[in-house]
Structure formats: structure tokens, C-alpha cells
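A structural walkthrough
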Amino acid sequence: MTTSLATLQKWVDEVASHTRPNNIHWCTGSDDEYQQLISKMTADGTLSPLNQDKYPNCYLHLSDPTDVARVEHLTYVCTPNEEDAGPNNNWMSPVEGHAKVDPLFAGVMQGRTMYVIPYCMGPLDSPYSRCGVEITDSPYVVVNMKLMTRMGSAALERIEREGTFVKGQHSTGDLDPERRFIMHFPDELSIKSIGSGYGGNALLGKKCHALRIASQQARSEGWLAEHMLIMGLESPDGETHYIACAFPSACGKTNLAMLIPPHSLPGWKIWTLGDDIAWLHIDTEGQLRAINPESGYFGVVPGTNAKTNQNAFDMIHKDTIFTNVGRTADNEPWWEGKKVGEPAFDWQGRKYDPENGPAAHPNSRFTVAATNNPSYSALADAAEGVPISAIVFGGRRAKVAPLVFEARDWQHGVLVGASVGSKMTAAAFGEVGKIRRDPMAMKPFCGYNFADYWTHWLSFPERTKKLPKIFHVNWFRQDDDGNFLWPGFGENLRVLRWIVDRCENRVGARETPVGYLPNEGDIDTSELDISADTMRELLSIDVEHWRIENEHFADYLDEFGDRVPAALRKEQQRLAAKLAEL
Ligand code: OXD
Ligand code: MN
């Protein structure tokens, strides 16, 4: 297969003549193609079949041990002007960026097949969707892209019709961390990634296109590309509200998006639309609507069990690619927190020995099509997306942030989102456990200067009067002995109910300097083993902690200099003044 689109053919020819593959395969996205690639990879050892009786169509990939997470320190935004990338990104000029990676691509595909993957981020017939083409020498990337995106012939047809697409050039290279770069060229709508096969670095439709490049496009076109799950909450009366929640990587977006209501809240249903990325547009009626550009999940495996996330636990029992988990003697995948079975081998293929650390890498992943999820919402495929009632920010904080609060208005909500801080997790190479600022959970993903990004967020009240309310949640608050105060998981629905009730003006709230908090008793704790004192602590504001937090945030804003929007500074100062009054 080739293409009628001359610009696409020309680019594919150019990449081929530079990288010199043995042959070129245009991906159709068919199930046969998927199976053939799986067979090829099981034959050459890239994948190992797992126990096919208990895990039909499931395979294990063990990556190079140095290639297990996103590499933020090797990820660059290449804009002509450094200021446009901002202090939140590593920067190189486009000339320097190309000069750095192009030599690494020279001849890199010799002896390999070059795969051309046309893909569509979002439903194939949605006006909000955008397309791209990834060229890669990794069949592992191809099968992951098949599970994660709408890829193949139908996407190519749309690309040929539209004539525009994001160009993503990827090679695993020699996997040497010294020759690993993830470069973005937003003005050219292109990405060049070399030296890594890991999801966020190599599945270019995901973080590189759907967040870094798309966030730039969204800014100039008046929409938002966000690191948010999308879920629907259906009440026992059959009323469904959709919410979009931004939490940093590995902070429970997948678990929340697939939440199973506890027995004590009968009649509630949760529908999953997405677990990682939301594209938000204002429709012709002024309503904010969301689509999930992806069609599969690339989720963190450890901790997934029948109690924490029954839906995920069930869906990964078939048709799943596991990366970097351990195995039982019976060849079933095994991970810490699975609660059943024993590890016999670890994620490096060694006989399991606790001295070597966990059996599954803390950032081991499952890749699975979204349709495998028992709570999958058919509206995930709706061209028009779903209307959003609430935007929810959150992070992993032991102190400071209460269980839930509501922003006063949109402008205050932008401050709430911009000041998100969270403990770092294994999803990225770096200091796990350290608190870092992660505005809107977009620190690793905003493809341009955060100051301009906040200005863009602040412009939304000029576009519509019907914006959703903004909230902040923290499932991770701890007591002085380090015990979690809130049970989390399915019980989080109790908090989401309060959020929906606030959106519908069905419940009051108490005003505090940080925002509106639930009145005592308004979060339903029936049949929950939690004392009134604990609830009070969960919903308390420690003024001293907040003052320090707000001062840190003011210092953080200073890093962005004059570009920080005045309205955001004003919100920060307003909070400082209110806290000072107490
Ligand atoms: C992810 C991440 O993989 O945020 O979704 O790292
Ligand atoms: Mn993510």
C-alpha cells in the first residue's frame, strides 16, 4: 500500500532513504496484521506468550532495563524562540534539534522493517479528532498503537482527505540512553524520537502528539488538550454527568475512571470514556465537550487487583500486552499488589529473588483496547463527545490539600489547577517521592510556556458563559503516623456525588479562603468505617501549611517572569491576603 497524498509519500520516501530499512510496511490496522506481528515477535523473543488458558491472547514484553519510563530530561520542545517553550520545557532551536537527532537516524533501520502507521486521535468521524502518521522500526510500537489508537486504512483515508497530519519519526536505535532523545517541533507539526521503546517515549500518538503538539494547536485554535480522564456518573435515577479529572502520572486516573460503586451506594454506575487524555472544545451552544483521543489504555500494573480496580483486573485477563511484569511458575503475569499467586520470575526474566527488588517494575504497564473494559462507554466513540459538568484537579499530597474543595469561579479554578503539586512517581525517570509542582498535571506534557498556557485557560470565560465548575480532590491525605485517612478507590464516588450535587446546586458549602468545602455531613459516609473526627480532619484547612504552599507557588510563578498573566498573580495574592486575615 502507498498513498495518494503526495506530501505523505514524499516524507515516507525521505525517511526511508535516510534510515535505509530493508522493507516498508504500510499498516492497515487489520486484526490479521496484528496477529502476524504478534507471531513474528513471539518467534524472535520480543514477546513471550503468557498462560493462554488463563490469559488468552496475552503477551509479555521485557524491555531493556534502562528503558522503563518517560525520560523528561531527554524530552525537548524545539521552537525558534526559547521563551515560547518556557522554563517548564527543555529547549533547543529547531535547527539544533534536527542536527542532534538526524545523524542518529542515519541508516538506523538497516536490517529492519520500517512500519508506517496512519492513526486518528479521536473518533474517526469527529470534527475534534486529529490525525498523524508514525514511522517506526518497532513492531512492538505497532501493536501497541493498534490497541491505543484508531490506526490503519480508515485513518489513512481521513488523512488523504484532509491533507494534514502530524509527522512522527521513531526508531528504537540502539537503546543507548546516551543516544536517546524525544524532540518536538510544534511549528512543523513533527516529532522525532530515538533510542527508546517505552510507551510515553515511543507511542507518538500519546504524550507527544495528543498532549505536547496538540496543546500548542489547542492554544491557537481555542480549545484545550489536557492530561485528564473522562468519566460518566449515572445516578440511580438514570441522570448521567460527565467529569474530566487531571491527576499527575500514576496517581490513580485509571482506577478512578473505572471505579466500581461500593455496595453501600446501590444503583450508581460509572462509565469510562478515557483514562489519560481529554480534548476539550466549546460547541456551538457554548457547552464544553470532551473527546478521548485514545482508544486504549496504557496503565500502571502494580496495585491492580479485584479490590482496587476490578474492571481493570478483569479486562487485562485477555488480549493484553504486559510490559515489565513478573511471572508465576504457571506462566501467568504477576505484579506486586496482585493479591493472588506467587512470583517465580521477575521483570528482567531472572528467577525471582526479593533481594533484586520487586518482581514487577513499579512502572510496569498493561496495554489493552478500551472496548475490553466492562465499564466502557459507547459514547467514547461519539463524534460530538460528551458535555463536561465538572473539571477536577488533584495530586498525591500527605498534608495541605483537603479531601475536596470547589473553586470560587473559573479564574480561581485556574489558580487551583496551576498550583497542583504532587509526589513524583515511577512513571518518569527521576526522584520518586519528591514533591514537585505539576500545574494541571501537565508539567511533563505542556508543549509551550506555562505562562501562556495559563493565559489560554484564563481566556475561556470570554468564550462561553457555560463553563463547568472546577474542583480539587486529594485521596492521599495522611495522619501523623502516615496512615491514609480516606479509604479511596470505590469510595471516591462519595466525593464525586458531592461534586455533582454542587454542579446541580443541590447542596450548600462553607466558604473558606481556599474555596468552598463540604458542610459537615454532606459527604455521605453511611456504612463506612470512618469517624466524624477523621472526616473533620480530612476537610480541614491548615492555615500555616497553606501560607507556606502559597508562598512557594508565588516563587514558582516568578520563574515565568513577566509572562505570568496578571489575573493569576491577582488570584495568588488574593489567597495570600485571605490567609493573612486568619
Ligand atoms: C502515562 C504517564 O503513561 O502519564 O500516562 O506517564
Ligand atoms: Mn498519563
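As a starting point, this report considers the structure included with it. (Residues numbered from 1 in each chain as written. Chains lettered and ligands numbered in written order. Predicted model: local features only at pLDDT ≥ 70, side-chain atom pairs only at ≥ 80, totals over all residues. Heavy atoms only, no water.)

**Considering the sheet that holds strand β19 (residues 321–323)**
Inclusion rule: In short, DSSP must find at least two bridges between two strands for them to pair. The numbering of helices and of strands both runs from the N terminus, where a helix is a DSSP run of H or I of at least 4 residues and a strand a run of E of at least 2.
The sheet built from five strands is open, its strands ordered β2-β3-β19-β22-β18 with mixed pairing. Both edges of this open sheet fall to β2 (48–49) and β18 (296–300), since each of them pairs with a single strand only. The pairing of β18 with strand β22 (residues 365–369) spans five bridges and is classified as antiparallel. Bridging across to β22, Y297 finds its partner in V368.

**What to know about the coordination of the manganese ion (ligand 2)**
To keep it simple, the criterion reads: Here the coordinating atoms are restricted to nitrogen, oxygen and sulfur within 2.8 Å of the metal centre, or 3.2 Å for Na, K and Ca, and because water is not among them the sites may look incomplete. The rule is simple: take the accessible area with a 1.4 Å probe, protein chains only, and divide by the maximum for that residue type; under 20% is buried, over 50% is exposed, in between is partly exposed.
Protein coordination at the manganese ion (ligand 2): the donors are K207 (NZ), H227 (NE2) and D276 (OD), at 2.2 Å from the metal. Counting the intervening residues between successive donors of the manganese ion (ligand 2) yields the motif K-x19-H-x48-D. Here H227 is found in the loop between β12 (224–226) and β13 (228–234), whereas its partner D276 is found in the loop between β15 (269–274) and β16 (278–282), with 49 residues between them in sequence. The two residues H227 and D276 agree in class, both being buried.

**Quick notes on the side chain of N373**
The criterion, for reference: Whenever a nitrogen or oxygen atom comes within 3.5 Å of another N or O atom, the pair is scored as a polar contact, on the condition that within protein one atom can donate a hydrogen and the other can accept it, and that pairs from neighbouring residues in sequence are kept only if both atoms are in side chains. The contact criterion used is simple: two residues touch if any of their non-hydrogen atoms lie within 4.5 Å.
Position of N373 among the secondary structure elements: in the loop between β22 and β23 (386–387). A distance of 3.1 Å separates polar atoms of two side chains, one belonging to N373 and the other to T272. Polar contacts involving the side chain of N373 include one to the side chain of Y297, which spans 3.1 Å. With sequence-adjacent residues up to four places away left out, N373 is seen in contact with M258, T272, Y297, N311 and M315.

**Side note on the site of ligand 1**
Operational definition: Here a residue counts as near a molecule or strand whenever at least one of its heavy atoms sits within 4 Å of it. Polar here means any residue other than Ala, Val, Leu, Ile, Met, Phe, Trp, Tyr, Cys and Pro, which are nonpolar, and Asp, Glu, Lys and Arg, which are charged; Gly is therefore polar.
Taken together, the neighbourhood of ligand 1 is formed by R70, K206, K207, H227, S249, D276, F298, R365, A427 and F445. A distance of 2.9 Å separates an oxygen atom of ligand 1 from a polar atom in the side chain of R70. In this structure, an oxygen atom belonging to ligand 1 sits 3.3 Å away from a side-chain N or O atom of H227. Looking at the shell around ligand 1 residue by residue, the classes come out as three nonpolar, two polar and five charged.

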